[in-house]
Amino acid sequence: MITHPSRHCTVELQALPSRIGQVRRIVSAQLRYWHMDLLIDRAALGVTELLTNVHLHARPDKTCTVEMELLLDRLTVSVRDHDPRLPVVDDAEPLATSGRGLAMVAAMSESWGARPDGESGKVVWFTLPAALTAAPVTAPPVSARPPRRLVEEVPAAVFAEAEHAIDLGRSQPAPARSAVAG
């Protein structure tokens, strides 16, 4: 089920790898709709990490709810699951291929946390400052661009001077090379 009130979005899903990609696309589309394009990369990364944790660690099932809420100058993204165990940030070994997700969420967000949700679940959340999008990205005014010159506007003398500067009569052939081994 997906609901889209003006500044609130909720998605319920099974945290399976194929669904995580779909939710990432939903988060991106919702932020574009809200004109919060500058938050897309960080929000998509954060929700991916939180959903991956549900997929890897949550018990008894992988059912969860992703919620995005935009209030004043802050976007809050939260993931609610049915596992009451709160996540722990571990120091991953340098060559480890996992164990850095929550540290990444902490590094890219303004704040983050986890809280119990009743007797049988938890909510893990992060916030991003929405004020980053206050100044829309716009193209420079047309008058700021240098004037275009057509080829016929370039005087032929310029090409002749370049030809004389390169002594075409003394050029050496390039050494022969073969693409065939041996």
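Residues numbered from 1 in each chain as written. Predicted model: local features only at pLDDT ≥ 70, side-chain atom pairs only at ≥ 80, totals over all residues. Heavy atoms only, no water.

Section: unusual backbone geometry
Excluding glycine, a negative phi dihedral is what most residues carry, and trans is how most peptide bonds are arranged. Test applied: The numbering of helices and of strands both runs from the N terminus, where a helix is a DSSP run of H or I of at least 4 residues and a strand a run of E of at least 2. For each residue, the accessible area found with a 1.4 Å probe, counting protein chains only, is set against the maximum for its type, and the residue is called buried under 20%, exposed over 50%, and partly exposed in between.
Arg59 connects to Pro60 through a cis peptide bond whose omega is 10°. Mapped onto the elements of the fold, Pro60 is located in the loop between helix H2 (40–57) and strand S3 (63–71). Backbone geometry at Leu72 places phi at a positive 50°, although glycine is not the residue there. Look at Leu72 and you get exposed, because its relative accessible area is 88%.

Some points on the nonpolar core
Convention followed: Take the buried residues of types Ala, Val, Leu, Ile, Met, Phe, Trp, Tyr and Cys, join any two whose side-chain atoms come within 4.5 Å, and each joined set is a nonpolar core. Any two residues whose heavy atoms approach within 4.5 Å at even a single point are treated as in contact.
Leu31, Leu51 and Leu75 are the most contacted members of the largest nonpolar core, which totals 32 residues. Counting residues per element, this core draws most heavily on H2, at six residues. When near neighbours in sequence (up to four residues on either side) are disregarded, Leu75 contacts Leu31, Trp34, Leu39, Ala43, Met68, Glu69, Leu70, Phe126, Thr127, Leu128 and Ala130.

Section: the confidence of the model for the protein chain
What counts, and what does not: A residue's pLDDT is the confidence the predictor assigns to it, expressed on a 0 to 100 scale.
Averaged over every residue, the pLDDT of the protein chain is 79; residues scoring 70 or more account for 69%. Contacts of residues 133–137 to residues separated by more than four positions or lying in other chains number five contacts, the stretch itself having pLDDT below 50. Considering only residues more than four positions removed or in separate chains, one finds that residues 149–154, a stretch of pLDDT under 50, has four contacts.

Here's the deal with helix H3 (residues 101–108)
Inclusion rule: By definition, the arc is the one covered by directions from the helix axis to the C-beta atoms.
Of all the residues in H3, the buried ones are Gly101, Leu102, Val105 and Met108. Buried residues along H3 cover an arc of 135° about the axis, so they all sit on one side. Next to the buried residues of H3 lie H2, strand S5 (111–116) and strand S6 (122–129).

Some remarks on the pattern of salt bridges
A side chain with one charge may pair with a side chain of the opposite charge, provided their charged atoms come close. Operational definition: Salt bridges are defined as contacts in which a side-chain nitrogen from Lys or Arg sits within 4 Å of a carboxyl oxygen from Asp or Glu.
All told, the structure shown has five salt bridges when counted by the stated rule. Salt-bridge contacts for Glu67 lead to Arg80; the nearest nitrogen and oxygen are separated by 3.9 Å. You can see Glu67 sitting in strand S3 and its partner Arg80 sitting in strand S4 (residues 74–81), a full 13 residues away along the chain. Its salt-bridge partner being Arg80, residue Asp117 comes within 2.8 Å of it at the nearest N-O pair. Of the two residues, Asp117 sits in the loop between S5 and S6 while Arg80 sits in strand S4, which places them 37 residues apart along the sequence. Of the residues examined, Asp117 reaches a relative accessible area of 30% and is grouped as partly exposed. Beyond isolated ion pairs, a larger network of salt bridges with shared partners links Glu67, Arg80 and Asp117.

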